[in-house]
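# Report on the structure
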Amino acid sequence: MKILTLLSFFATHPLTNSINLEEQTAQFFSSGHTNNWAVLVCTSRFWFNYRHVANTLSVYRSVKRLGIPDSHIVLMLADDMACNHRNPKPATVFSHKNMELNVYGDDVEVDYRGYEVTVENFLRVLTGRLPPSTPRSKRLLSDDRSNILIYLTGHGGNGFLKFQDSEEISNVELADAFEQMWQKRRYNELLFIIDTCQGASMYERFYSPNLMALASSQVGEDSLSHQPDLAIGVHLMDRYTFYLLEFLEDIHPASKSNMNDLFKVCPKSQCVSTPGHRTDLFLRDPGSVLITDFFGSVRKIEITMEAVNLTGPVQAVEESPVTGEANKELYSYVDQLPVSEIIHQKPKQRDWHPPDGFILGLWSLILLVFFKTYGMKHLKHIF
Amino acid sequence: MATTEVERRRGQLAALSIAVVVVVVGVPLWWRTTETYRAWLPVSQILELAKLQLHLSADVEVVFARGTVTPEQQKKFPLTQTQDEEHPVDEETALRYRYETRYRTATVMEEDALNKPTAAEADLSLHTLSESPCGSLVVYVIPESSSLLPEDVNVYVGQRRTALLRGDAQMRAGKTLEQLLAQVQPGIKRVLQVMSFNHADITAALSDRVRFNPGSKESIADSMRAFKSSPGYEITFSLLNPDPKSHRLHWDIEGAVQTFIQPLLKKLSPVSNFSIDSQTLYYAMLGVNPRFDTGLSAFTLNADSLAHVINPVEARLGSNAASSNPVLNFLLYVPDAHHSPLLIQDHKKQEAPSNAFHSPRWGGIMVYNVDSFYGPEPEFPVDIDINMAKVMGVFLAQLRLLLGVQSSTPPPGFLIAPCSRTGLADWELDRLMWSRSVENVATATTTITSLAQLLDQIGNIVINDNIAQQVSSAVTSLQLAVAELEAGNLGFALQYSKEAILASEKAFFDPSLLHLLYFPDDQKFAIYIPLFLPMCVPILLSLLKILSELRQKYKEKQAKKD
């Protein structure tokens, strides 16, 4: 009897092994993507919106930790927190109370900062309609096998999202931008996460395939912030992103958690608002979509089976005498700003100009008032 | 009384004239000043192109060697046949393949060539006799008893555009020409599937238009692995030396690229441009810990951990790219002295013969073990000259895979000649050109049609003259490309398709086409009402008053009549 059970145990073992292999090869084809991109946008500026910058930087950290390189991340921040006059700890942006975690640092590569974070630039990045002089780091160079993560945070309303207190993007524009991305096959699958008030209204109008969306609150609800830090004086994070990050801390590049776990992040008891999600446009079942399909960058690997049989000596590259000399020139840095010359410079002699309109007007006003007050008879003293 | 009458008259005339001025002058002026400039686009031609009918034609020459046909059959030669195959892909796309086959017997010189001892030599002398143009094929049918091909091999595919097909014994047995041809057809068809365009490749190339095409697993993997068609590629070779204290590495990358890689790239120049650079990175670790295998007495990396190797390294790879072209990275990793030798194992725990792996649409990494270069008493740092031929052999194979040149495993009974010096056979280049032309045409048509749709839907986008010009030139190039494909001129078709794609991408991604002018209707009303309502209300009211007076007068007139 025992031998039978032992034998059956050994019989199933190779079976599961081969099933494992099949699963692994199936994994290659299941997601259909070969590279990952992330577009992280913080749409607010000013000191009291500290938490939005901390939100975005924390997501940036997680995404980098899970493997997406800087060259594949487009980070748009107002970037006015770390060096703000009101920051009691300059050059830091904390995401946790009691200043436990500094998410700013010297390896944060912000692609669009300050006043460059506009609706126009955001749409240009998404649709690819950038001027030809834009560098590679500011472009979204995705192809039809890219999975893109888009994270937006800031102040929003029913059907719009406010950018930098001066303009807004509507949900129709966003849906149209995604449709243009789809038409040009600029993504394989797209995950859209938004952490604003009434965030669910932003994904209502999507109509392109392969989009999955998560929002921190429904229409009519406000997304609330998490904890204020008494030393810094502002709220440090929003609730939804805080619990999202707690969830992401448990994810490592080889983890197998899927999207259904992500939908359960931050229930109403913790978030006060009701997070929502939308998966009807997504072709795969969310339960089969791994978190690392969007947040990480797990590469597919194939072993190279063959090699080309090359023989023969390596020809040395001939240097023609004309170019030989050109190659030998040494490179040197351009002269830096000649500071010592500047500070010891004498002030330049400026040419004399006749007084301009303002001065003339001012003096004529003074003269008018004088003569009005004291009478025209004093005129003869002047002229 | 008269004055009030005159006053009223005057009032009516004033109201009427203001209304006339507003309607005749004001409304057209407002319309013209608020309309956006839209240059003319050839919309009808674009709609025609939306329904893509691709006709691909290939020329095949079938040469019967002595001993495969009887003299009566020989008298009917030369004979030309045309075969058409229709393959509708979806409601917008249809494919038609045309094979123009010419049958003839071998000339004396060809017979001499076919009498050479091995297939490789026969192939060599055959293509010195004639040069087949781009896109065409020559199949030599040799008798079954011929010793050119080994036992179990029916077809030998040469390095140029020739193939040797072993004929059946029944072919000769006194049949009519039609029966002979019917017998030889399946063999030729199989050769065409390998050497010329085949349905799987072409439908994979159409993936831009036909999105959800459930092809076979191999074809999906192939389409995921190869880079999409692009006018240029950047190739970067990097040498990673994590342990400069132990190894002083010398690699003659310039010479190696010149000798081994440039011939391939020069041959591929009609397809796209390439730019190459190289770099050396010191103290670049792999990021995964290899395990020591006592059985092999070497460190091993298994396939699961390979997936996590690339990301930490990629962050350190610089890029020289000033353009938006896709980048192919080839990394040569020399393991540090404490982790030498390092072997790569696949899922089945077997060693990879080339000790290299590649990632789809990214590049390849090869691990080069140098512990065999240590002398009996190694004094660190050891000077090591890297064997560039071996390294470039692996990189060349990976480059072929990533560019989409490599075909999937050939059917049984096929023997494919090993890669020539350039690394690319002529028929492989033809296949690549076929699939690239189709891919370019498909992408350009989708781009142009979606652009036309977009511009049609959104009435507020300004269409400048340069965009209209790009669109027109894209449409012209597309029409020419489709025509050249139908005629079978592969080189011209590829060139026109490249022009079409460049023009269509330029038009689609023009920065001036940004649609920021989304005005919901209620916002439009909110803008215009405060401007026009105060002006229009008095005019409308006075017009109404005039109308009611006229009606009253008419009634009075009617009453008077009665």
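Our subject is the structure listed above.
Let me begin by describing the structure that accompanies this report. Quick caveat, the model's predicted, so the values are computed rather than measured.

Moving on: the overall build of chain A. Within chain A, the secondary structure is distributed over 11 helices and 11 strands. Within chain A, the proportion of its 383 residues that are buried is 51%. Partitioning the contacts of chain A with sequence separation of at least 6, the portion at a separation of at least 24 is 73%.

A few words on the overall build of chain B. Helix and strand counts for chain B come out as 16 helices and 17 strands. Its C-alpha atoms give chain B a radius of gyration of 36 Å, more than 25% over the compact-globule value 24 Å for 562 residues. Its C-alpha atoms give chain B principal-axis dimensions of roughly 130 × 80 × 35 Å. Going through the 562 residues of chain B one by one, you find that 50% of them count as buried. Contacts spanning at least 24 positions in sequence make up 80% of the contacts within chain B whose residues lie at least 6 apart. Positive and negative side-chain charges in chain B, numbering 50 and 61 respectively, have mean positions lying 10 Å apart.

Among the nonpolar cores identified, the biggest contains 121 residues, and Phe237(B), Ile386(B), Met392(B) and Leu399(B) are the most heavily contacted of them. Excluding anything up to four places from it in sequence, Met392(B) contacts Leu310(A), Phe237(B), Ile253(B), Ala256(B), Val257(B), Phe260(B) and Ile261(B). Membership of the second largest hydrophobic core comes to 53 residues, among which are Val59(A), Leu66(A), Phe247(A) and Cys266(A).

Facing 72 residues of chain B, the contacting portion of chain A comprises 59 residues. Summing the contributions of chain B and of chain A, the shared interface buries around 5700 Å²; its carbon and sulfur component is 59%. Our enumeration of links across chain B and chain A arrives at six salt bridges. The salt bridge involving Arg225(B) is made with Glu302(A); its shortest N-O contact spans 2.7 Å. For the interface between chain B and chain A, the tally reads 18 residue pairs in polar contact (both at pLDDT 80 or more).

A separate point is helix α6 (residues 177-195) of chain B. Over its 19 residues, α6(B) extends 26 Å from the first C-alpha to the last, a length consistent with the 27 Å expected when each residue adds 1.5 Å. Taken together, the buried positions of α6(B) are occupied by Leu177(B), Leu180(B), Leu181(B), Val184(B), Gln185(B), Gly187(B), Ile188(B), Val191(B), Leu192(B), Val194(B) and Met195(B).

Time to look at the environment of Trp47(A). Residues and elements named next belong to chain A. With respect to the element layout, Trp47 can be found in the loop between β1 (35-42) and α2 (50-65). Separated by 206 residues in the primary sequence, Trp47 and Pro253 have C-alpha atoms spaced 34 Å apart. Discounting chain neighbours no more than four positions away, the residues touching Trp47 are Met81, Asn84, Arg86, Asn87, Pro88, Ile232 and Val234.

Residue and element names in this part refer to chain A. A complete count under the given rule lists 37 salt bridges over all chains for this structure. Note that Arg51 and Asp238 form a salt bridge whose closest N and O atoms lie 3.2 Å from each other. Note that Arg51 is positioned in helix α2 and Asp238 in the loop between β9 (211-215) and α5 (239-249), a separation of 187 residues in sequence. The pair Arg51 / Asp238 is uniform in exposure class, with both members buried. Of the charged contacts in the structure, one is a salt bridge between Asp293 and Arg284, with a shortest N-O distance of 3.2 Å. The buried category is assigned to Asp293, whose relative accessible area is 6%.

Let us now look at the sheet that holds strand β1 (residues 52-64) of chain B. All names here are of chain B. Pairing is mixed in the open sheet, where seven strands are placed in the order β2-β3-β1-β4-β6-β5-β17. The open sheet terminates on both sides in strands that have one partner only, identified here as β2 (79-88) and β17 (414-416). Within the sheet, the average angular offset between the axes of one strand and its neighbour, ignoring direction, is 20 degrees. As defined by bridge partners, strand β4 (residues 137-142) adjoins strand β6 (residues 162-166) across five bridges and the pair is classed as parallel. In the sheet register, Ile142 faces β6, and the bridge partner there is Arg166.

All names here are of chain A. With respect to the helices and strands, the residue Asp176 is situated in helix α4 (residues 171-183). Although Asp176 is buried, it forms no salt bridge, and the closest oppositely charged side chain is Arg205 at an N-O distance of 8.3 Å. Side-chain polar atoms of Asp176 contact the side chain of Tyr207, separated by 2.8 Å.

Right, let's talk about the environment of Thr34(A) for a bit. By the element assignment, Thr34(A) lies in the loop between α1 (2-31) and β1. Take Thr34(A): its relative accessible area is 4%, and that puts it in the buried class. Each C-alpha atom, one on Thr34(A) and one on Met76(A), is 24 Å from the other, the two residues being 42 residues apart in sequence. In this structure, Thr34(A) is in contact with Arg145(A), Arg299(A), Met224(B), Pro360(B) and Arg361(B), ignoring residues within four places of it in sequence.

The next thing to look at is the state of the cysteines. In a disulfide, the sulfur atoms of two cysteines are held together by a covalent bond. All names here are of chain A. Tallied over the entire structure, the rule returns one disulfide over all chains. Across the disulfide from Cys266 sits Cys271; the S-S distance is 1.7 Å. Handedness of the Cys266-Cys271 disulfide follows from its S-S torsion of about 100 degrees: it is right-handed. By the burial criterion, Cys266 is buried, and Cys271 matches it. Here Cys42 stays free of any disulfide, with the sulfur of Cys197 as its closest cysteine sulfur at 14 Å.

On to the packing of helix α2 (residues 43-50) of chain B against helix α13 (residues 426-457) of chain B, then. Residues and elements named next belong to chain B. Orientation of α2 relative to α13, taken along the N-to-C sense of each, is 135 degrees, at an axis distance of 9 Å. What the angle tells us is that α2 and α13 run oblique. Classified by chirality, the crossing of α13 by α2 is left-handed. Residues Ile46, Leu49 and Ala50 of α2 touch α13, and the partners they reach there are Thr445, Ile448, Thr449 and Ala452. Classifying every residue of the contact of α2 with α13 gives five nonpolar, two polar and no charged.

Parameters and conventions
Residues numbered from 1 in each chain as written. Chains lettered and ligands numbered in written order. Predicted model: local features only at pLDDT ≥ 70, side-chain atom pairs only at ≥ 80, totals over all residues. Heavy atoms only, no water. Helix = DSSP H or I, 4+ residues; strand = E, 2+ residues; numbered from the N terminus. Buried < 20%, exposed > 50% of the residue type's maximum accessible area, 1.4 Å probe, protein only. Contact = heavy atoms within 4.5 Å. Rg over C-alpha atoms; globule rule 2.2 N^0.38 Å. Lys, Arg positive; Asp, Glu negative; His and termini not counted. Charge placed at Lys NZ, Arg CZ, Asp CG, Glu CD. Core = buried A, V, L, I, M, F, W, Y, C linked by side-chain atoms within 4.5 Å. Buried area = accessible area lost by both parts, 1.4 Å probe. Salt bridge = Lys/Arg side-chain N within 4 Å of Asp/Glu carboxyl O. Polar contact = N/O pair within 3.5 Å; in protein donor to acceptor, adjacent residues only side chain to side chain. Expected span 1.5 Å × (residues − 1). Pairing = 2+ DSSP bridges. Axes fitted to C-alpha atoms, helices over the stretch in contact; angles between N-to-C directions. Disulfide = S-S within 2.5 Å. Parallel < 35°, antiparallel > 145°, perpendicular 65-115°, else oblique. Left-handed = near helix turned anticlockwise from the far one by under 90°. Nonpolar A, V, L, I, M, F, W, Y, C, P; charged D, E, K, R; others polar.

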